[in-house]
Amino acid sequence: MVQKRNRSEIESWIETEIDRGNLDIKLANHVPRLRGTAPPPEFLGKTSDEFDAFLDRNFPRRKFASLRRNLDKAARRKVITPVQLYRYIVEIGNLLHAATITMDAFARLQNKCPPLRVCAGCGRLFVPSRKDQMTCMKKCGSRVRVARRREKQEYYEENRKLQGVPR
Ligand SMILES: [Zn+2]
């Protein structure tokens, strides 16, 4: 009886932790970032006007719609200030991005699928379903392939020019 209760307590604790983890992933994904690129800029100003200018400069509404929507929501609800929410999003993103590097390394050693990965196409965090799944969706996969092909092409063109080989 006691064991049974303990188990369901543990299960509900695990569920809560999973929900929290999913929420953190969602928050971090408001600012997608490809692996190996710089973290989002720090806000060093004070006033809300300065913060608005900072946002317009670094996170234009057209490109970062979900981030801006959530910061607007924070401003209206007044539970957490937009600056606090922005800092939390950056912090949790930094932690999760760092964690994916460790997860990837361990998963590779054990020949397993890591629990969390950074999409090679869009920079969002996602839960891969196979160990060789490197992008969060098909669209990102083809984006990566096109970019690689272009890179290769440029590399060959550059080499050809350097070697003076006529086309
Ligand atoms: Zn993606």
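Since the model is a prediction, treat every value here as computed from it, not as a measurement. (Residues numbered from 1 in each chain as written. Predicted model: local features only at pLDDT ≥ 70, side-chain atom pairs only at ≥ 80, totals over all residues.)

A. Examining the overall build of the protein more closely. Assigned secondary structure in the protein consists of five helices and two strands. Order of helices (α) and strands (β) in the protein, N terminus to C terminus: α-α-α-α-β-β-α. On C-alpha atoms alone, the protein measures out to a radius of gyration of 21 Å, which is more than a quarter above the 15 Å that the 2.2 N^0.38 rule sets for 167 residues. When its C-alpha atoms are laid out on the principal axes, the protein stretches across 80 × 50 × 25 Å. Sorting the 167 residues of the protein into buried and exposed places 14% on the buried side. If you take every contact in the protein between residues at least 6 apart in sequence, the share linking residues at least 24 apart comes to 40%. (Helix = DSSP H or I, 4+ residues; strand = E, 2+ residues; numbered from the N terminus. Rg over C-alpha atoms; globule rule 2.2 N^0.38 Å. Buried ≥ 20, exposed ≤ 12 C-beta atoms within 10 Å, placed from the backbone. Contact = placed C-beta atoms within 7 Å.)

B. Local environment of unusual backbone geometry. In the Ramachandran plot, Lys-78 falls in the positive-phi region, its phi being about 60 degrees despite a non-glycine side chain. Position of Lys-78 among the secondary structure elements: in the loop between helix 3 (65-77) and helix 4 (82-109). C-beta crowding within 10 Å serves as the criterion here: with 7 such atoms nearby, Lys-78 is assigned to the exposed category. Located in the positive-phi region is Asn-111, a residue other than glycine, with phi close to 55 degrees. Structurally, Asn-111 can be placed in the loop between helix 4 and strand 1 (117-118). Its 7 C-beta neighbours within 10 Å are what place Asn-111 among the exposed residues.

C. Representation of the nonpolar core within the structure. Of all hydrophobic cores here, the largest spans 12 residues; its members are Leu-27, Ala-28, Leu-67, Leu-71, Val-83, Tyr-86, Ile-89, Val-90, Val-118, Cys-119, Leu-125 and Cys-136. Of all the secondary structure elements, the ones that give two or more residues to this core are helix 1 (2-28), helix 3 and helix 4. The element contributing the most residues to this core is helix 4, with four residues. Setting aside anything within four residues of it in sequence, one finds Val-83 in contact with Phe-43 and Phe-51. (Core = buried A, V, L, I, M, F, W, Y, C linked by C-beta atoms within 7 Å.)

D. Highlighting helix 5 (residues 138-163). End to end, helix 5 covers 38 Å across 26 residues, agreeing with the expected 38 Å (1.5 Å per residue, within 8%). Judged by how many residues are buried, helix 5 sits mostly at the surface: zero of 26 residues are covered. (Expected span 1.5 Å × (residues − 1).)

E. Geometry of the packing of helix 3 against helix 4. Where helix 3 meets helix 4, the closest approach of the two axes is 8 Å, and the angle between their N-to-C directions is 140 degrees. With respect to helix 4, the axis of helix 3 lies oblique. The crossing of helix 3 and helix 4 is right-handed. Taken together, the residues of helix 4 that come into contact with helix 3 (itself represented by Asn-70, Leu-71, Ala-74 and Ala-75) are Pro-82, Leu-85 and Tyr-86. Split into classes, the residues belonging to the contact of helix 3 with helix 4 amount to six nonpolar, one polar and no charged. (Axes fitted to C-alpha atoms, helices over the stretch in contact; angles between N-to-C directions. Parallel < 35°, antiparallel > 145°, perpendicular 65-115°, else oblique. Left-handed = near helix turned anticlockwise from the far one by under 90°. Nonpolar A, V, L, I, M, F, W, Y, C, P; charged D, E, K, R; others polar.)

F. Structural context of the confidence of the model for the protein. Mean pLDDT over the protein stands at 91; residues scoring 70 or higher make up 95%. Across the protein, the element-wise mean pLDDT spans from 84 in helix 1 up to 97 in helix 2 (residues 48-58). (pLDDT = per-residue confidence, 0-100.)

G. Summary view of the environment of Leu-55. Topologically, Leu-55 is positioned in helix 2. With 12 residues separating them along the chain, Leu-55 and Phe-43 place their C-alpha atoms 9.1 Å apart. If we skip the residues at most four places from it in the chain, Leu-55 touches Arg-68 and Leu-71.

H. Summary view of the environment of Arg-69. As for its placement among the helices and strands, Arg-69 is situated in helix 3. We classify Arg-69 as exposed; it has 12 C-beta atoms within 10 Å. Along the sequence, Arg-69 and Lys-131 sit 62 residues apart, while their C-alpha atoms lie 34 Å from each other.

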